[in-house]
Every structure is written in C-alpha cells, then in structure tokens.
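Spelled out, the chains give:
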Amino acid sequence: MTVAASSWPPLSPGERSVAIEVLVHGPLSRTEIARRLGLSPGSLTRLTKPLIESRLLVEVPEAGAVAGVRQGRPSQPLDVVADSRYFVGFKITQDMVYGVVTTLRSEIVARHDRPLTTRDPGEAAALLARMTDELSRGRPGVAGIGIGVGGLVEDRAVVGESPFLGWRGVPLAALVEERTGLPVVVENDTAAFVEAETWFGAGRGLDRFVVLTIGAGIGYGLVLGGRRVPYAGDEDRGFGRHWIVDPHGPLTPDGRRGSAVSLLTIPNIRYQVRAATGRDLTWEEILAAAAAGERMAARVIAEAGRALGTLVAQIANFVMPQKILLAGEGVGLMDVAGKAVEDAVRDNRHPQAAPVALETKVSDFHDWARGAAVLAIQVLVLGAAQA
C-alpha cells in the first residue's frame, strides 16, 4: 500500500488565489502578485505568510541578483517547489491504462502503462493500485491520484456511466483509495485534459479558450474568464452526436446523419472506408492511402476535413475564442486534409472576420493522464474544485 505524503492545510479562498497565481505564472514578485489579484501589500502579506510557513510557497533569488547581496524581502519572488510533491495520473481506455507521475507543476517525470484485461471494477482498481506502487517507487512525496475516464462522472468520485467500459455507478475513487491509502479524484477525461491545458498548456493566460478533440469520440471543452465551463452530462457524449455539420452527410452506426461524430471519429471513418472498399484499414493506413491519392480513402478524408473546418468555424463564430486547440489521436487528419480544413473555415466565416487561431497538438494518452494528475493538484492540494 502506498502511503500518502503529508498534505498542506486547507486554504482559504484568498490563499488559494495567491497559490494558484504563483503555481501557474510564477515565480512572481509580491508586487506583481498584488497587482494581478488587486490586493493591498498588507493583505498580500497576511495571505502569503501561511503559504510560506507550510512550504507551499518559497522565496527564491531574484533574476539577475548578485550572489551574496541582500536585496530585501519585498523584492524576493515567490515560487512553488515543483518537486516537493508528486501526483499520479491515469487515463483509462477500453483496453489500456496509461499512467504518469507529475510534479506540482505538471511536468511528467515517469510513465507506466498496462493492458486492461478486465471490466470488473474491483480488479481494475487493483491494477491501478499496483501501477501506483510502481510509479511511486523512489518518490515518497506522492500526494494523490487523478483518474480520467471517458463517460459521465459524478461528484469527482463515481463513474456514473462509461460506455467504453460498460460501467454504471462504479465508486472508483473509493475503490482505489481503499487499495492505495491515497486521496483520489475521478473526472471525465476531456474535462481533465482541458484543465491541464488551461493551467499549464496552450490556454494558459487566455480568457476565452476552446479545446476540441477528435479520435475515438469528439470532445469539447470551453474556457471563459480563464475557467472551464462545466455542464451537465459528460464532456463528450452529446456534443458531437447532435452537432450537424452536413445534413446530407453519411449515416454511420454511431451519431446522427452528417453529425460531427459520423464524419470525424476514427471508428466511423474506418466504417465508411470499409463500406466503400470492403477493406478493413487502420486509421494510419487510411491516412496513408488518402495521401497517396487512393480514391475512396481520399474522398472520405477530404469530407472529414471539410467537416472539421466547418465545425471549427461554427465554434469560432459563436464563442469568439482567442484560441482553439485541436488535439486527440485523430489530429493526423490535419496532415492530409489541412487544406480542406482551411477552405471550410474560410467558407463559413465572414470575409472580414479575424483569422481563427487554431493550434494542433500531437498528443498521446499520457497527455490525458497528465490532465488527470492536474485535477489531483487542483482539488487535493489547492481545493480549487469547479461546480
């Protein structure tokens, strides 16, 4: 059994704001922290004192300071000690568990993956416990576990429904806590990924930010005012199935005719190619065939590119984000159908509209596991729970 590291005391709302500002943007001087948060020097001193005493924050040398020359406390920036605590993050797929260990600033320092050969929740929890032991080896400062699951998650503890795993009402947090002795937070995997990108990735410092993921499913996350917008239901079940990008598009086993799911998910693209050619190709083989000019593969991939461009344009038209991050295991579509995407974005935007800041992230499932670890940092250390 893994033993939890000693934790910091609960933070007040003011202390939490200071800690998050330094964690995400630090090191920062006291003057800069006060400016960012609109605090008086006295209030900032009161809020930082317990954070420094608990060693959540530390004073660090000012950049450019001469060794041995005392600059005075007010000029010494505050920062977190990134390796003072570690966090385990898991991403569970249909047949694999991807695990990482991160620092307090979400840098991945170790990876460990295992096949998921059972759908039994107790046995799956036991696997997570064994992986936690391996990931924690040599790291006595492990403070908690985050788990990302595709599906509906309730109270960051119970998997209400996961079609990929066939789970309903599984108290996954309690099952893993019982086997590891560590606090556990469970979240929809897309939501966790969005949180990580908002705090430590492409969306850091942005007021309006969108994450769109394509792969086995369609994921969507919206950030307004620098905070992810939570909503009822899981983050990827309803969005793509009911967002129609081409009413005359294909009818596939999953998703309504011409929906984002029907046109853009890897299983449905494979289905279209198989139905047209009789060949059961992998995603990589389909992309290669389309790039080589094979007619049916090229047609399906071009249609997917137009659908993606239409979807990106519609999101930009309604949300007006500063940036849209495209991620997931299906982003290879951009390499083959990038021009179709660009043309569709242009066709569905006002001619004088600002260009869409579309950033593509080639990510793997360890990035999703990192997102779960970030949830652990937010909830278990900082108490920064979303509604």
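Residues numbered from 1 in each chain as written. Predicted model: local features only at pLDDT ≥ 70, side-chain atom pairs only at ≥ 80, totals over all residues. Heavy atoms only, no water.

### A word on the packing of helix α9 (residues 266-277) against helix α11 (residues 295-319)
Consideration 1: Running from N to C, α9 and α11 cross one another at 150°; their axes reach a closest spacing of 10 Å. Overall, the two elements α9 and α11 adopt an arrangement that is roughly antiparallel. As α9 packs across α11, the resulting crossing turns out to be right-handed. Facing α9, whose interface residues are Ile269, Gln272, Val273, Ala276 and Thr277, α11 presents Met296, Val300, Ile301, Glu303 and Ala304.
Consideration 2: Class assignment of the residues belonging to the contact of α9 with α11 gives a composition of 7 nonpolar, 2 polar and 1 charged. (Axes fitted to C-alpha atoms, helices over the stretch in contact; angles between N-to-C directions. Helix = DSSP H or I, 4+ residues; strand = E, 2+ residues; numbered from the N terminus. Parallel < 35°, antiparallel > 145°, perpendicular 65-115°, else oblique. Left-handed = near helix turned anticlockwise from the far one by under 90°. Contact = heavy atoms within 4.5 Å. Nonpolar A, V, L, I, M, F, W, Y, C, P; charged D, E, K, R; others polar.)

### Focus on the packing of aromatic side chains
Consideration 1: Taken as a whole, this structure holds 3 aromatic pairs when the rule is applied.
Consideration 2: Centre to centre, the rings of phenylalanine 193 and tryptophan 368 are 4.6 Å apart; their planes meet at 20°, and the pair counts as stacked. Here phenylalanine 193 is found in helix α6 (residues 189-200), whereas its partner tryptophan 368 is found in helix α13 (residues 365-381), with 175 residues between them in sequence.
Consideration 3: On the basis of relative accessibility, which here comes to 1%, the residue phenylalanine 193 falls in the buried class.
Consideration 4: Given the relative accessible area of 7%, tryptophan 368 is considered buried.
Consideration 5: With a centroid separation of 6.0 Å and an interplanar angle of 65°, the aromatic rings of tryptophan 199 and phenylalanine 200 are classed as edge-to-face.
Consideration 6: Exposure remark for phenylalanine 200: the relative accessible area of 15% places this residue in the buried category.
Consideration 7: For the cation-ring pair, lysine 91 lies above tryptophan 368, with the distance from its terminal atom to the ring centre recorded as 5.2 Å. (Phe/Tyr/Trp six-rings, centres within 6.5 Å; stacked < 30°, edge-to-face > 60°. Buried < 20%, exposed > 50% of the residue type's maximum accessible area, 1.4 Å probe, protein only. Lys NZ or Arg CZ within 6 Å of the ring centre and 35° of its normal.)

### A few points about the sheet that holds strand β10 (residues 184-188)
Consideration 1: Within the open sheet, the 5 strands sit side by side as β5-β4-β3-β6-β10. Their pairing is mixed. Each edge of the open sheet carries a strand with a single partner, namely β5 (108-115) and β10. Each neighbouring strand pair of the sheet contributes to a mean axis angle of 20°, computed without reference to strand direction.
Consideration 2: Note: strand β6 (residues 142-149) against β10, 5 bridges, orientation parallel. Residue pairing across strands places isoleucine 145 opposite valine 184, the latter belonging to β10.
Consideration 3: Relative to β10, α6 is tilted by about 100°, and along the sheet it contacts β3 (86-92), β6 and β10. (Pairing = 2+ DSSP bridges.)

### Overview of unusual backbone geometry
Consideration 1: Of note, the bond from glycine 26 into proline 27 is cis; its omega dihedral lies within 30 degrees of zero at 0°.
Consideration 2: For proline 27, the position within the fold is in the loop between α1 (13-25) and α2 (30-37).
Consideration 3: Notably, aspartate 155 is not glycine yet its phi reads approximately 55°, a positive angle.
Consideration 4: Checked against the element boundaries, aspartate 155 lands in the loop between β7 (152-154) and β8 (158-162).
Consideration 5: Judged by its relative accessible area of 75%, aspartate 155 is exposed.

### Quick look at the side chain of glutamine 272
Consideration 1: Mapped onto the elements, glutamine 272 comes out in helix α9.
Consideration 2: A relative accessible area of 11% places glutamine 272 in the buried class.
Consideration 3: Excluding residues that lie within four positions of it along the chain, glutamine 272 makes contacts with Pro250, Thr252, Ser262, Leu263, Val300 and Glu303.

### Thoughts on the pairing of strand β14 (residues 323-327)
Consideration 1: Where burial is concerned, most of β14 is hidden: 5 out of the 5 residues are buried.
Consideration 2: On β14, burial covers both faces: Lys323, Leu325 and Ala327 on one face and Ile324 and Leu326 on the other are all buried.
Consideration 3: Looking at chain direction, strand β11 (residues 208-214) and β14 are connected through 5 bridges and run parallel. Looking at the pairing, leucine 212 lines up with leucine 326 of β14.
Consideration 4: Alignment of β14 against strand β15 (residues 358-360), held across 3 bridges, turns out to be parallel. Residue pairing across strands places leucine 326 opposite threonine 360, the latter belonging to β15.
Consideration 5: Since β14 and β15 lie parallel, the crossover through helix α12 (residues 333-347) that links them has a hand, and here it is right-handed. (Right-handed = clockwise from strand over helix to strand, strands pointing away.)

### Details of the nonpolar core
Consideration 1: Counting residues in hydrophobic clusters, the biggest one holds 40 residues, and the most contacted among them are Leu212, Leu264, Ile301, Leu308, Ile315 and Leu333.
Consideration 2: Secondary-structure elements contributing two or more residues to this core are β11, β12 (218-224), α8 (260-264), α9, α10 (283-291), α11, β14 and α12.
Consideration 3: Broken down by element, the residue count for this core peaks at 11 residues, all from α11.
Consideration 4: Dropping the residues within four chain positions of it, leucine 264 is found in contact with Ile218, Ile269, Ala304, Ala307, Leu308, Leu311 and Leu333.
Consideration 5: Core analysis: the next-biggest nonpolar cluster, separate from the first, contains 32 residues, Leu11, Ile20, Leu44 and Ala192 among them. (Core = buried A, V, L, I, M, F, W, Y, C linked by side-chain atoms within 4.5 Å.)

### Some thoughts on the pairing of β5
Regular strands have side chains that alternate between both faces of the sheet.
Consideration 1: Where strand β4 (residues 96-102) and β5 come together, 7 bridges link them in antiparallel fashion. In the strand pairing of β5, methionine 96 is matched with proline 115.
Consideration 2: In textbook terms, the turn of a hairpin is the stretch between consecutive antiparallel strands, and for β4 and β5 this stretch comprises 5 residues, one of which, serine 106, has a positive phi near 75°.

### Points about the confidence of the model for the protein chain
Consideration 1: Per-residue confidence for the protein chain averages 89 on the pLDDT scale, and 91% of its residues sit at or above 70.
Consideration 2: The model gives residues 66-72 a pLDDT under 50, and that stretch makes 3 contacts with residues more than four places away or in other chains. (pLDDT = per-residue confidence, 0-100.)

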